Amino acid sequence: MEAQAALIPTPDNALVWHEDALHLLDQRLLPERALFLRCQESGEVAQAITDMVVRGAPAIGIAAAYGVVLAARRRYVQWGAGWSHHLGPDLAGLAHARPTAVNLAWALQRMRGCLARCGEGDPLGPLLAEARAIHQEDRLANRRMGELGAALIEGPTRVITHCNAGALATGGYGTALGVIRSAFAAGRLSGVYADETRPWLQGARLTAWELQQDAIPVVLQADGAAAALMAEGGIGWVIVGADRIAANGDVANKIGTYGLAVLARYHRVGFMVVAPTSTLDLGVASGAEIPIEARDPSEVLACGGRRVGPEGVAARNPVFDVTPAELVDALVTERGVILCPDRPKIRALMEG
Ligand code: MRU
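Worth saying up front: this structure is predicted, and the values here are computed from it rather than measured.

**Structural notes on the overall build of the chain**
Across its full length, the chain holds 12 helices and 16 strands. Relative to the compact-globule value of 20 Å for 352 residues, the chain shows a C-alpha radius of gyration of 20 Å, a close match. The 352 residues of the chain split such that 54% are buried. Sequence-distant contacts in the chain: of pairs separated by 6 or more residues, those separated by 24 or more amount to 74%. Within the structure as shown, the chain displays about 14300 Å² of accessible surface, and the carbon and sulfur contribution to it stands at 54%. Distance between charge centres in the chain, computed from 32 positive and 37 negative side chains, equals 1 Å.

**Quick look at the nonpolar core**
Grouped together as the largest cluster of nonpolar side chains are 40 residues, with contacts concentrated most on Leu22, Leu24, Val45, Ile49, Ala63, Met111 and Leu127. The leading source of residues in this core is helix 3 (residues 57-79), at 13 residues. Those residues in contact with Leu24, other than ones at most four positions away along the chain, are Ala14, Leu15, Leu35, Phe36, Leu37, Cys39, Ala48, Val53, Val54 and Ala63. Counting residues in each nonpolar core, the second largest holds 25 residues, with Ile235, Val238, Leu260 and Ile346 among its members.

**Observations concerning the sheet that holds strand 15 (residues 330-333)**
Taken in spatial order, the 7 strands make up an open sheet running 6-5-4-7-10-15-16, and their pairing is mixed. A single partner strand is all that each edge strand has here, and the edge strands are strand 6 (218-221) and strand 16 (336-339). Adjacent strand axes in the sheet meet at a mean angle of 25 degrees, parallel and antiparallel pairs treated alike. Here 5 bridges tie strand 4 (residues 157-161) to strand 5 (residues 189-195), and the two strands are oriented parallel to one another. The residue bridging Arg158 from the neighbouring strand is Gly191, located in strand 5. Lying on the sheet, helix 6 (residues 124-150) is in contact with strand 10 (270-274), strand 15 and strand 16; it crosses strand 15 at an angle near 150 degrees.

**Some thoughts on the site of the ligand**
The full set close to the ligand counts 19 residues, and Arg55, Arg98, Asp243, Asn253 and Lys254 are the nearest of them. Gly56 places a polar main-chain atom, nitrogen or oxygen, 3.0 Å from an oxygen atom of the ligand. When the ligand is considered free in solution it has 410 Å² of accessible area, and contact with the protein chains removes 100% of it. Sorting the residues of the shell around the ligand by element identifies helix 3 and strand 9 (251-254) as the ones contributing at least two each.

Criteria and thresholds
- Residues numbered from 1 in each chain as written.
- Predicted model: local features only at pLDDT ≥ 70, side-chain atom pairs only at ≥ 80, totals over all residues.
- Heavy atoms only, no water.
- Helix = DSSP H or I, 4+ residues; strand = E, 2+ residues; numbered from the N terminus.
- Rg over C-alpha atoms; globule rule 2.2 N^0.38 Å.
- Buried < 20%, exposed > 50% of the residue type's maximum accessible area, 1.4 Å probe, protein only.
- Contact = heavy atoms within 4.5 Å.
- Areas by Shrake-Rupley, 256 points an atom, 1.4 Å probe, with all protein chains shown as cover.
- Lys, Arg positive; Asp, Glu negative; His and termini not counted.
- Charge placed at Lys NZ, Arg CZ, Asp CG, Glu CD.
- Core = buried A, V, L, I, M, F, W, Y, C linked by side-chain atoms within 4.5 Å.
- Pairing = 2+ DSSP bridges.
- Axes fitted to C-alpha atoms, helices over the stretch in contact; angles between N-to-C directions.
- Near = heavy atom within 4 Å.
- Polar contact = N/O pair within 3.5 Å; in protein donor to acceptor, adjacent residues only side chain to side chain.

In structure tokens form, the structure reads like this:
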């Protein structure tokens, strides 16, 4: 019974620690199949992050935290006392699984702090407690951001979202989709448009699936349809998540986000970024310093398993872009909302 309860594949249950292993709802297969991938080694977690079994900035960080638990357990069994001196390659493997989402480095840093307190005894208990705390804190942060972001929306209105910044991409509830969930519950939303989000189709495959489960009316559109929709009127906000936010408020998020921000400003539509403070990186001065992941061009050259570009044609596949802070109307974090974010406001939020 317990196994069934733990491994029910819902958007809010995409990362599950169960029977001494991390189970990841395989996001490559959704929405056709909802299956868990079981990871018993940290290398398997790192590979799952690279391969996008689990994706979305906070979810990547949470998965990496559980990956540290698996690594430490393996090294403790292997080496006994002195196990902690053998963790370096495991931690490096997790750290390099994907480059853009800073939540990965943030979660590993927290786990390193816990490791330092573990001594040379059995690390499983304290490390698992820390990974669970990271997971639970993210869920709570999303609830709080949901309330704060929904309060900015004078409804009922319609919104556009891009990629998937939902329960699947986080510990649960979601960042951008958390705001959408809360706003819908408060009667402030009359509809949600989800960009399909080429090339990986997070909007079509994941956001549409998630919102359907909650009976929130969602309409899919091609990424290129957003401009004409804004021109028609009736769109109150574009609401997105973030993978890394620089000290000056520049936002790295899914490729296409920058274009949406430019369109929103032109059409006088609000542009809201929803992200926990674990996504803020005061170590990078501006968006120009954020590493942007380039994935295999084959993701662009094919769609739905079918090749769409002619043989021999070149393709580029940067999977994130940077939206300048000046295009962001509201940055919603669990610590509060910043309107028109800039360096001093972000510093004050983080120090406050
Ligand atoms: O390549 P992905 O699917 O990991 O990209 C995810 C995004 O860009 C999300 O918008 C971002 O991580 C915020 S998730 C709460």
